[in-house]
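Topology and contacts: notes
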Amino acid sequence: MKQSNVWTITRKGIASLGSRWFYVCIYFLLIILGLIFSVFYSYGSREEGLIEKAGVMDLVVFLDQISGTTNHSMLTFLAIPLIVSIVHLLVQYQERSNVVLKIGSRFTLWQTHAAFAVIVSFILTVCLLFISYVLSGLIVGFDNTWITKDSILYELLGDKQLFSSVVPYVSTGRVLTVVFVTKFLSFLLIFFLALFLKRFIKNIAIIFIILLAMSGLDRTGMVPFEFFTFFASLSLEDWLHPVHIYYKCFYLFVLSLFLYWITGLLYEKKDFLK
Amino acid sequence: MLEMEWKRVSIRPAFWLAIVAGVVLAVVPAILTWPQHVTEDYYYTYPRSAFISWFYLEGAGLYYIYALLVPLLASIAFADSHAEDANTGFIKNILTKVEKKKYFLVRYVFNFVIGGVVAVFPLILNFLLEMAAYPLIENNYYFGMNLVQDGNLLPGLFYERPFAYVLVVVLLIFLLGGMLASLGLAFSLLVKNRYIVLILPLLVFMALDVLVPFSHSISAVFLYNGSWNFAGTTYLAVGIFGSFIWCIVQGYKHETI
């Protein structure tokens, strides 16, 4: 099969979700709005005066690793439900007998799934970043407060002398780039993990249970190391030691690659007649 | 028909999966808090009690995962049963023997009860295990047992009648589980895909959780020991009565069955 066919089938796969993309957008917008306001709810009541210093970056990627539109809460409440649902609908469409016959090879079928995952992850990341940045900016203004001393970042810094060393890493462009890369890789990881699990489990509710349990387990710290959505989220520590961000990206990339490889192998052995 | 429903649920793998998940969620925290290296003297003084060891009041660790999974556990047990019946055509066999109104009524009530039971099962099991590990001594605010305070659910009841407090919490979560399962059932009259039906209550739960301020959010009111407020009543009223009316009216009107 020609390489271009992968893209044609992927494009058809995306189009096959049809009106469901509308519901995806509604859920997407609702959760983003909720996540923006939840920063105000949780920090407005907890520490007086702190939330008044909130800037656009705080709403996009709060420093506690949980809040904000691109941190752990987003991955749990938005990314996992959305991606697992999309994967379910995709597999249901792409693995119908007539589509499988048209594709002709298991390898190409898996390639179309992988291409779909990459494209949709990219689109979701761009939309997430754009919408959350614009909405947050409209609420608190587009100034990056992190580079000034009148910011939550400065308030939360234990050692204030570290501030000057952090500033170069928290310019608007750098923060958005880091958030883009980590979120893109996180979405990709969730996509491949969902596709991997979908290979064995038909019921997406069970896939949900597994992924949410993993996400919850990661956050509770019951496992001695972070390994999933909590690891993919950014905290103050990461901005203080930017090398952590490289580790995170490397880990997410390698794990996604491993899942791509192993699920590809499983697809090679898949029996479509059963 | 009730007997048939019970037989069906008892052979459903998804129901047993929810029960197994509940066992894991209940047993692991009990093992982690199990008293170790203690002598009988430990119990002569003022030891930890079963009430404060209950994982509902701890609110962290595996309880966080339980709180995340409640909507799924409640709905996975039986909420997709109508969608399954409609998709396979089994509903036609049932409706030749049972009146349509009765079918939807029994289905609603049974699904509600099963959803509630699956939701409270980990709580009850964990409490029983904690009772096996720790004595049921009276809660005392001044001995490190001040887990329920003014901003929480019924603090007076917790210190005066702790058993009644446990029952109230279990009842509330039972209603939450039943409500979420009913929502799934109501969605199954709109959506054909039974797997999507199972996850819709979770999506609604998550959206409400994120959109509503924490003090009034559905998980804070029901699962994180928040004080009872109008939001809790609204969730239950809309969720239970809304889904009930929807199921009965819509199901009864549905002529294509």
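Calculation rules
- Residues numbered from 1 in each chain as written.
- Chains lettered and ligands numbered in written order.
- Predicted model: local features only at pLDDT ≥ 70, side-chain atom pairs only at ≥ 80, totals over all residues.
- Heavy atoms only, no water.
- UniProt positions renumbered as here; feature names shortened; annotations may be inferred.
- Helix = DSSP H or I, 4+ residues; strand = E, 2+ residues; numbered from the N terminus.
- Contact = heavy atoms within 4.5 Å.
- Salt bridge = Lys/Arg side-chain N within 4 Å of Asp/Glu carboxyl O.
- Polar contact = N/O pair within 3.5 Å; in protein donor to acceptor, adjacent residues only side chain to side chain.
- Nonpolar A, V, L, I, M, F, W, Y, C, P; charged D, E, K, R; others polar.
- Phe/Tyr/Trp six-rings, centres within 6.5 Å; stacked < 30°, edge-to-face > 60°.
- Buried < 20%, exposed > 50% of the residue type's maximum accessible area, 1.4 Å probe, protein only.
- Lys NZ or Arg CZ within 6 Å of the ring centre and 35° of its normal.

**Observations regarding the UniProt feature "transmembrane region" (unreviewed entry) in chain B**
Residues and elements named next belong to chain B. This chain's UniProt record puts "transmembrane region" (unreviewed entry) on residues 14-34, 104-129, 163-191, 198-224 and 230-249. Along residues 14-34 one finds 90% helix and 0% strand; the C-alpha atoms at either end are 30 Å apart. Structurally, residues 230-249 comprises 100% helix and 0% strand, and the distance from its first C-alpha atom to its last is 27 Å.

**Some points on the UniProt feature "transmembrane region" (unreviewed entry) in chain A**
Feature annotation in UniProt assigns "transmembrane region" (unreviewed entry) to the following positions: residues 21-43, 74-93, 114-135, 175-197, 204-225 and 245-267 of chain A. As annotated, residues 21-43 of chain A has a helix share of 100% and a strand share of 0%, and its two end C-alpha atoms lie 33 Å apart.

**A look at the interface of chain B and chain A**
With 27 residues of chain B in contact, the opposing surface of chain A contributes 29 residues. The tally of links from chain B across to chain A stands at 0 salt bridges. Inspection of the region where chain B meets chain A yields 3 residue pairs in polar contact (both at pLDDT 80 or more). Among the elements of the structure, helix H2 (13-32), helix H5 (62-78) and helix H11 (194-211) of chain B are those that each provide at least two residues to the side of chain B that touches chain A. In terms of residue count, H11(B) provides more of the side of chain B that touches chain A than any other element does, 11 residues in total. Of the residues in the side of chain B that touches chain A, the class split is 24 nonpolar, 2 polar and 1 charged.

**Concerning the packing of aromatic side chains**
As enumerated under the stated definition, the model contains 35 aromatic pairs over all chains in all. On the basis of an interplanar angle of 90° and a centroid distance of 5.1 Å, the ring pair of B:Phe55 and B:Tyr63 is categorised as edge-to-face. Like B:Tyr63, B:Phe55 is buried. In textbook terms, an aromatic cluster arises when at least three aromatic residues are bridged by ring pairs, as seen for B:Phe51, B:Trp54, B:Phe55, B:Tyr56, B:Tyr63, B:Tyr66, B:Phe127, B:Phe163 and B:Tyr224. Looking at A:Lys198, its charged tip hangs above the ring of B:Tyr195, at a distance of 6.0 Å from the centre.

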